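# Descriptive analysis of the structure
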Amino acid sequence: QVQLVESGGGLVQAGGSLSLSCAASGSISSHNAMGWHRQAPGKQRELVATITTDSSVDYADSVKGRFTISRDNVENTVYPQMNSLKPEDTAVYYCYLRNTWFLGEKDYWGQGTQVTVSS
């Protein structure tokens, strides 16, 4: 069983910053990817940023240069720093974990945390 607990969402004015965190517990693979996806009202969920245990990162084009993702491999916690926030960043942000092993992979999701950016 895997549990993802998100924190750090809230309301911020445009141009401001927020830090999110997501802690994973349970059966975590030694090789995995963690990160964030987001879903705005009326839109499909989209990737924001991910980072692997090998520190390989992937950012959506819309957040490159503004968001920074990092992680603690021992604690299995991911720490995205979101700077220069824009109103279009408003969404529910979902923590994501992909367990990987030789045979395959399995994905897990947190329940989401609301980020609202005022104009």
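For the structure itself, consult the block above.
Before going into details, it helps to say that this report is about the structure given with it. (Residues numbered from 1 in each chain as written. Predicted model: local features only at pLDDT ≥ 70, side-chain atom pairs only at ≥ 80, totals over all residues. Heavy atoms only, no water.)

## Here's the deal with the overall build of the protein
What counts is decided by this rule: Note on conventions: DSSP H or I runs of at least 4 residues are helices, E runs of at least 2 residues are strands, and numbering of each starts at the N terminus. The globule rule is 2.2 Å times the number of residues to the power 0.38, and the radius of gyration it is compared with is taken over C-alpha atoms. Type-normalised accessible area, obtained with a 1.4 Å probe on protein chains alone, sets the label of each residue: buried when under 20%, exposed when over 50%, and partly exposed for intermediate values. Contact criterion: two residues are considered in contact whenever any of their non-hydrogen atoms come within 4.5 Å of each other.
Secondary structure summary: the protein contains zero helices and 14 strands in total. By the compact-globule yardstick of 14 Å for 119 residues, the protein fits well, its C-alpha radius of gyration being 14 Å. C-alpha extents for the protein along the principal axes are approximately 45 × 25 × 20 Å. A total of 119 residues make up the protein; the buried ones form 41% of that total. Sequence-distant contacts, at least 24 apart, represent 54% of the contacts inside the protein between residues at least 6 apart.

## Some thoughts on the pattern of salt bridges
This is how it is decided: Any carboxyl oxygen of Asp or Glu that lies within 4 Å of a side-chain nitrogen of Lys or Arg is treated as forming a salt bridge with it.
Using the criterion set out here, one finds six salt bridges in the structure. Of the charged contacts in the structure, one is a salt bridge between Glu-105 and Arg-98, with a shortest N-O distance of 3.3 Å. For Arg-98, a relative accessible area of 27% translates into the label partly exposed. Across the salt bridge formed by Asp-107 and Arg-98, the nearest N and O atoms sit 2.7 Å from each other. On the basis of relative accessible area, Asp-107 is assigned to the partly exposed category, the value being 33%. Because the salt bridges share partners, they merge into one network encompassing Arg-38, Glu-46, Arg-66 and Asp-89.

## A few points about the sheet that holds strand E4 (residues 21-26)
Worth spelling out the cut-off: Here the rule is simple: two strands pair whenever DSSP picks up at least two bridges between them.
Across the sheet, four strands lie side by side as E1-E4-E10-E9; this open sheet has antiparallel pairing. Among the strands making up the open sheet, the edge pair consists of strand E1 (2-7) and strand E9 (71-72). By the bridge criterion, two bridges tie E9 to strand E10 (residues 77-78) in an arrangement that is antiparallel. The residue of E10 that forms the bridge with Arg-71 is Val-78.

## Some details on the nonpolar core
How we decide: Side-chain atoms within 4.5 Å are what join buried Ala, Val, Leu, Ile, Met, Phe, Trp, Tyr and Cys residues into a set we call a nonpolar core.
Counting residues in each nonpolar core, the largest one holds 27 residues, and the members touching the most others are Leu-4, Met-34, Trp-36, Phe-67, Val-78, Met-82 and Tyr-93. Every element with two or more residues in this core is listed here: E1, E4, strand E5 (31-39), strand E6 (46-52), strand E12 (91-100) and strand E14 (113-118).

## Describing the state of the cysteines
Formally, a disulfide is one covalent bond, and it connects the sulfur atom of one cysteine to the sulfur atom of another. Put simply, the rule reads: The criterion for a disulfide is a pair of cysteine sulfur atoms lying within 2.5 Å.
In total, this model carries one disulfide according to the counting rule given. A disulfide bridge connects Cys-22 with Cys-95, and the sulfur atoms are separated by 1.8 Å. Negative torsions about the S-S bond denote left-handed disulfides, and the value of about -90° found for Cys-22 with Cys-95 makes this one left-handed. In this pair, Cys-22 is assigned in strand E4 and Cys-95 in strand E12, connecting sequence segments 73 residues apart. Relative accessible area serves as the criterion here: at 0%, Cys-95 is assigned to the buried category.

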